[in-house]
Amino acid sequence: MSSIDLTSSQKNILRTLTNLHKDSEDTIKGEEIAEQVDRNPGTIRNQMQSLKALQLVEGVPGPKGGYKPTATAYEALEIQQMDDPASVPLTHEGEDVEGVIIEEIDFSSVHHPVLCRAEVHIQGSIDEFHEDDAVTVGPTPLSKLRIEGRVDGKDDTDNILILQIDDMVAPAGEPTH
């Protein structure tokens, strides 16, 4: 658990920075972050100053400059960084979603046949997902779990899709290691 207490705005900006940085591995301009979070670029610059003071972002000066998240940023957001994470497919409205990593799947109300939900923690943007969109997660590498459902909600700050589960299948048998 992170010991840095961030506001939801700071978390949202930092999460956006890590998502954009994951895609490009380059410095990210404040204007690009502002566009993603629908905020004024001046607001982003002010927030970045406080995030730099917390050692969560590094500012790179110059015309090719911008911001990069630090290792502490990933810890503060509880994002696990791996060199070669296992691939778990994600489809949205029947189309494969590229550039995202499924970090974790949590289940709630699994005992209730109608209210079963899954919280899917994602590294990458969830901006294009909307309520009632069809989503399929999996199969997962070890258990071959596959979840089909509809978006019931999302937490943009923590990058979580909340799915109403329509079908969940994990084939019986020995897992492949």
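How each quantity is defined
Residues numbered from 1 in each chain as written. Predicted model: local features only at pLDDT ≥ 70, side-chain atom pairs only at ≥ 80, totals over all residues. Heavy atoms only, no water. Core = buried A, V, L, I, M, F, W, Y, C linked by side-chain atoms within 4.5 Å. Buried < 20%, exposed > 50% of the residue type's maximum accessible area, 1.4 Å probe, protein only. Helix = DSSP H or I, 4+ residues; strand = E, 2+ residues; numbered from the N terminus. Contact = heavy atoms within 4.5 Å. Pairing = 2+ DSSP bridges. Expected span 1.5 Å × (residues − 1). Polar contact = N/O pair within 3.5 Å; in protein donor to acceptor, adjacent residues only side chain to side chain. Axes fitted to C-alpha atoms, helices over the stretch in contact; angles between N-to-C directions. Parallel < 35°, antiparallel > 145°, perpendicular 65-115°, else oblique. Left-handed = near helix turned anticlockwise from the far one by under 90°. Nonpolar A, V, L, I, M, F, W, Y, C, P; charged D, E, K, R; others polar.

Trainee: Now, about the nonpolar core: what can you tell me, with residues and values included?
Mentor: Counting residues in each nonpolar core, the largest one holds 20 residues, and the members touching the most others are L14, L17, I33, M48 and L51. If you list the elements that add at least two residues to this core, you get α1 (8-24), α2 (30-37), α3 (41-53) and α4 (71-76). It is α1 that contributes the most residues to this core, 4 residues altogether. Those residues in contact with L51 that lie beyond four places of it in its chain are L6, Q10, I13, L14, L56 and V57. If you look at the next biggest cluster of nonpolar residues, it comprises 18 residues, including I102, I126, V135 and L163.

Trainee: I'd like a description of the sheet that holds strand β8 (residues 146-155), backed by residues and values.
Mentor: Overall, antiparallel pairing links the 7 strands, which are arranged β4-β3-β7-β8-β9-β6-β5 in an open sheet. The open sheet is flanked by β4 (95-96) and β5 (101-108), the only strands paired with a single partner.

Trainee: Any chance you could break down the pairing of strand β1 (residues 57-60) for me, citing the residues and the numbers?
Mentor: In terms of strand pairing, β1 meets strand β2 (residues 66-69) through 4 bridges, oriented antiparallel. The residue bridging V57 from the neighbouring strand is P69, located in β2. The turn linking β1 back onto β2 is made up of 5 residues, and G62 within it adopts a positive phi angle of 105°.

Trainee: Which residues make up unusual backbone geometry, and what values go with them?
Mentor: Between G138 and P139 the backbone carries a cis peptide bond, its omega angle lying at 15°. Following the sequence through the fold, P139 ends up in the loop between β7 (134-137) and β8. A positive phi is found at D38, a non-glycine position, where the angle reads about 55°. Residue position: D38 is located in the loop between α2 and α3. On the basis of relative accessible area, D38 is assigned to the exposed category, the value being 69%. A positive phi angle, near 60°, is found at Q55, a position not held by glycine. In this fold, Q55 is placed in the loop between α3 and β1.

Trainee: Outline α3, supporting the account with residue identities and numerical values.
Mentor: Along an α-helix, residues three or four apart share an orientation, since each turn contains 3.6 residues. If you check α3, its first and last C-alpha atoms are 19 Å apart, about what 13 residues at 1.5 Å a residue would give, namely 18 Å. Of the surrounding elements, those touching the buried residues of α3 are α1, α2, β1 and β2. The N-terminus of α3 is capped by N40, whose side-chain oxygen sits 2.6 Å from the backbone nitrogen of G42. Looking one or two residues beyond α3, the residue adopting positive phi is Q55, at roughly 60°.

Trainee: Residues and numbers for the packing of α2 against α3, please.
Mentor: At a closest axis distance of 8 Å, the pairing of α2 and α3 adopts a crossing angle of 110°. It follows that α2 is roughly perpendicular to α3 by the angle criterion. For the element pair α2 and α3, the recorded crossing hand is right-handed. For the pair α2 and α3, contact is made by G30, E31, I33, A34 and V37 and by P41, I44, R45 and M48, respectively. Its residues placed into classes, the contact of α2 with α3 shows 6 nonpolar, 1 polar and 2 charged.

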